[in-house]
Amino acid sequence: MSYKAKFKVWRGEGGEGKLEDFTVEVNEGEVVLDIIHRLQATQAPDLAVRWNCKAGKCGSCSMEINGKPRLGCMTRMSTFEEDETITVTPMRTFPVIKDLVTDVSYNYQKAREVPSFTPPSGVKPGEYRMKQVDVERSQEFRKCIECFMCNNVCHVIRDHEENKTNFSGPRFLMRIAELDMHPYDVADRQDAAQEEHGLGYCNITKCCTEVCPEHIKITDNALIPMKERVVDRKYDPLVWLGNKIFKRSSSNSK
Amino acid sequence: MTQTTPEAPVRRQRAQVKVRTLRTDRWWLVPLVTFFGLSSFLVYGVWAIIDNSIFVDPYIAPFASPCLAAVTCPEGAQLFGWAPIGDWYTLSPGLLILALPGGFRLTCYYYRKSYYRSFWLSPPACAVQEPHGKYTGERRFPLIMQNIHRYFFYAAIVIGLILAYDAVLAVVHKPLGLGSWILIANAVLINAYTLSCHSCRHITAGRLNHFSRHPLRYRAWTFVSKLNAKHQPLAWASMFSVMGADLYVRLVAKGIIAFPYA
């Protein structure tokens, strides 16, 4: 069954712009991205939106729908009332290129700052032998589709642009946790997580977990375990003493 | 519309949305309810410290256990008859131990989320702009002290065991008493909350990278992880159970509740 829905869509180049009103047809089974495409086809041919798979797996169509970070392709129109006005804006944390398309290069910059997987020097590719229980914890984090909605919703940078320099956001702190938990990674991640990537900024208010379309438990399974590892390294005198007495030092010995 | 180049300063701007949030749901409801829930615990805690009706044989109010004072702990309330705090101390016995369970909850990862959101509005809800001009997180004093959570966890384990001992003792002495079973329910919830702690999860095996080398610790971690997934409901349930059990014992001690199987 079709009906006419009221939409407010952010239009503008760069940060300047405004919400424009549209009335547009909605059909049964459609998602918000379908409606944005209908607007492009019928009323606003120059409306810019980034999209690709329409299946919730590419992470391209991240936007804010009625103020909540959502994937446009995974937000069903049936979740709204027919007389409800639906507001669609670009992700607020990143600079706008045009309309709903943001410049997410902050995330690529932060990704480059995380040193890649570092195996022990004596082990060559093909020689890694790991048990499933040792790797399955970090496999959860590999479900990430890099929609960057966790970084977008994180108030540390969403409400404080100045923190972007020192804070990598939940996406890349999760990447650091993934590597730190990896049985074959020997790089020292814990000091860097706290000092270079700003783990201490996180006040574990769990918005990253709430918006994750892959339902990754970012806070409980990555950020808090990483905070506890940092406590081991920097703030717990008993662990420090134990490491001295039992000569534990490298992550590989754990 | 003004055309800009990729290098133009305007291209470095976020969308200039002038409102704190565009959310249309009742995002304020959860922080509001949390605010009143946590405030009720604080108000009750202050009252419980002032109130002296902490013991009626065989029940001891959880807020006052272990009772360590020689003067202000009634006979029978002291743990194994042990009173390490001498005659000089004449204040409420609850004051002596308040810092341990209080500190455990104050530094708990779940409670941090709840009070950062509901009291400090940092942020009040997801995608709702916080009112503060500056944010430094848990990197500086005093919030860097949240990192001592695991030490409060060690203390909470001891307190939890003592509350379980109190409850078992009450059941042994008064198996048909409603209070005995209220104390048992409280002890179960308190200990479940304590064991579901993120620091507990880390200590059991979370800090390891090779679970396969430590099968027993891995099994413990798996168990704690299941409990940990319920940390939030356990935090609330144990908070209300400890308040309820404490109030019940005090009302019995005051004679306000006086039916035969109280």
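Note that the structure is predicted; figures quoted are calculated from it, not measured.

Points about the overall build of chain B
At step 1: Scanning chain B from N- to C-terminus turns up nine helices and two strands.
At step 2: Counting from the amino terminus, helix and strand elements in chain B follow one another as α-β-β-α-α-α-α-α-α-α-α.
At step 3: Expected size for 262 residues packed as a compact globule is a radius of gyration near 18 Å; at 23 Å, chain B overshoots this value by more than 25%.
At step 4: For chain B, the spread of C-alpha atoms along the three principal axes comes to 85 × 50 × 35 Å.
At step 5: Taking the intrachain contacts of chain B between residues at least 6 apart in sequence as the baseline, contacts between residues at least 24 apart amount to 64%.

Focus on the nonpolar core
At step 1: By size, the foremost hydrophobic cluster in this structure holds 116 residues, and its most contacted members are Val 88, Val 153, Leu 173 and Met 226 of chain A together with Ile 60 and Val 249 of chain B.
At step 2: The greatest single-element share of this core, amounting to nine residues, is contributed by helix α9 (residues 231-254) of chain B.

A closer look at the pairing of strand β1 (residues 3-11) of chain A
Residue and element names in this part refer to chain A.
At step 1: Bridge count between β1 and strand β2 (residues 18-26): nine bridges; the pairing is antiparallel. Directly across from Lys 6, in β2, lies its bridge partner Thr 23.
At step 2: Taking the residues that link successive antiparallel strands as the turn, the β1-β2 hairpin has six residues, and the phi of Gly 12 there is positive, at about 160°.
At step 3: Note: β1 against strand β5 (residues 85-89), four bridges, orientation parallel. Within β5, the residue paired with Phe 7 across the bridge is Ile 86.

Focus on the interface of chain B and chain A
At step 1: Across the boundary between the two partners, chain B contributes 45 residues, which contact 53 residues of chain A.
At step 2: Secondary structure elements with two or more residues in the side of chain B that touches chain A: α4 (109-118), α7 (198-206) and α8 (215-228) of chain B.
At step 3: Counting residues per element, the side of chain B that touches chain A draws most heavily on α4 of chain B, which supplies five residues.
At step 4: Residues belonging to the side of chain B that touches chain A are distributed by class as follows: 15 nonpolar, 18 polar and 12 charged.

Topic: the UniProt feature "transmembrane region" (unreviewed entry) in chain B
Residue and element names in this part refer to chain B.
At step 1: UniProt annotation of "transmembrane region" (unreviewed entry) refers to residues 27-50, 88-111, 151-172 and 178-197 when read in the numbering used here.
At step 2: Helix makes up 62% of residues 88-111 and strand 0%. Its end C-alpha atoms lie 35 Å apart.
At step 3: For the annotated span residues 151-172, helix accounts for 100% and strand for 0% of the residues, and the straight-line distance between the end C-alpha atoms is 32 Å.

Procedures and definitions
- Residues numbered from 1 in each chain as written.
- Chains lettered and ligands numbered in written order.
- Predicted model: local features only at pLDDT ≥ 70, side-chain atom pairs only at ≥ 80, totals over all residues.
- Helix = DSSP H or I, 4+ residues; strand = E, 2+ residues; numbered from the N terminus.
- Rg over C-alpha atoms; globule rule 2.2 N^0.38 Å.
- Contact = placed C-beta atoms within 7 Å.
- Core = buried A, V, L, I, M, F, W, Y, C linked by C-beta atoms within 7 Å.
- Buried ≥ 20, exposed ≤ 12 C-beta atoms within 10 Å, placed from the backbone.
- Pairing = 2+ DSSP bridges.
- Nonpolar A, V, L, I, M, F, W, Y, C, P; charged D, E, K, R; others polar.
- UniProt positions renumbered as here; feature names shortened; annotations may be inferred.

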